[in-house]
Amino acid sequence: MITETTAVNFRQNLGEMLNQVQYRHDSVVINKDGKPVAALVDARLFERIRRMQDRFDALCQRIEAGFANVPEATGLAEIAAAIKQDRAQVRSSAKKR
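Residues numbered from 1 in each chain as written. Predicted model: local features only at pLDDT ≥ 70, side-chain atom pairs only at ≥ 80, totals over all residues. Heavy atoms only, no water.

1. Let's talk about the pattern of salt bridges
Per the counting criterion, the structure on display carries three salt bridges. Between R44 and D42 there is a salt bridge, with its nearest N and O atoms 3.6 Å apart. A residue is classified by how much of its surface remains accessible, and R44, at 58% relative accessible area, is exposed. Among the salt bridges present, the one from E47 reaches R50, with a minimum N-O distance of 3.7 Å. Pair noted here: E47 and R50 are both in helix α3 (residues 43-66), with a separation of three residues, about one helical turn. Residue E47 is classed as partly exposed on the basis of its relative accessible area of 35%. Residue R50 is classed as partly exposed on the basis of its relative accessible area, which comes to 45%. (Salt bridge = Lys/Arg side-chain N within 4 Å of Asp/Glu carboxyl O. Buried < 20%, exposed > 50% of the residue type's maximum accessible area, 1.4 Å probe, protein only. Helix = DSSP H or I, 4+ residues; strand = E, 2+ residues; numbered from the N terminus.)

See the structure below:
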């Protein structure tokens, strides 16, 4: 479960919210001026997020290296063409239903 709270309320109820995260494995989103600024999550979830971020960063580096010699305009044109083709396929399959 995800709970949203204000920064002031979070400060006032830190112990309770730590228990909520530690024992119930919930998450707490902390809002300041009505906008989310931080989250308190279970340590195991945080480790999973860090590992996923590391894998994502490595994948981005591999993609970047693979396309290092492709001019930006060419890459953007290929992306636009792929998006157009995918959207056409989605529309086509929606019409068949």
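2. Examining the sheet that holds strand β3 (residues 35-40)
Read across the open sheet, the three strands follow the order β1-β2-β3; overall the sheet is mixed. For this open sheet the edge positions go to β1 (2-6) and β3, each flanked by a neighbour on one side alone. Strand after strand, the sheet turns through a mean of 30° between neighbouring axes, direction not considered. Here five bridges tie β1 to strand β2 (residues 27-32), and the two strands are oriented parallel to one another. Bridge pairing in β2 places E4 opposite V29. (Pairing = 2+ DSSP bridges. Axes fitted to C-alpha atoms, helices over the stretch in contact; angles between N-to-C directions.)

3. A few points about the side chain of T3
Relative to the elements of secondary structure, T3 occurs in strand β1. Here the side chain of T3 touches Q20 through a polar contact of 2.7 Å, side chain to side chain. Each residue touching T3, except ones within four places of it in the same chain, is listed here: Q20, S27, V28 and V29. (Polar contact = N/O pair within 3.5 Å; in protein donor to acceptor, adjacent residues only side chain to side chain. Contact = heavy atoms within 4.5 Å.)

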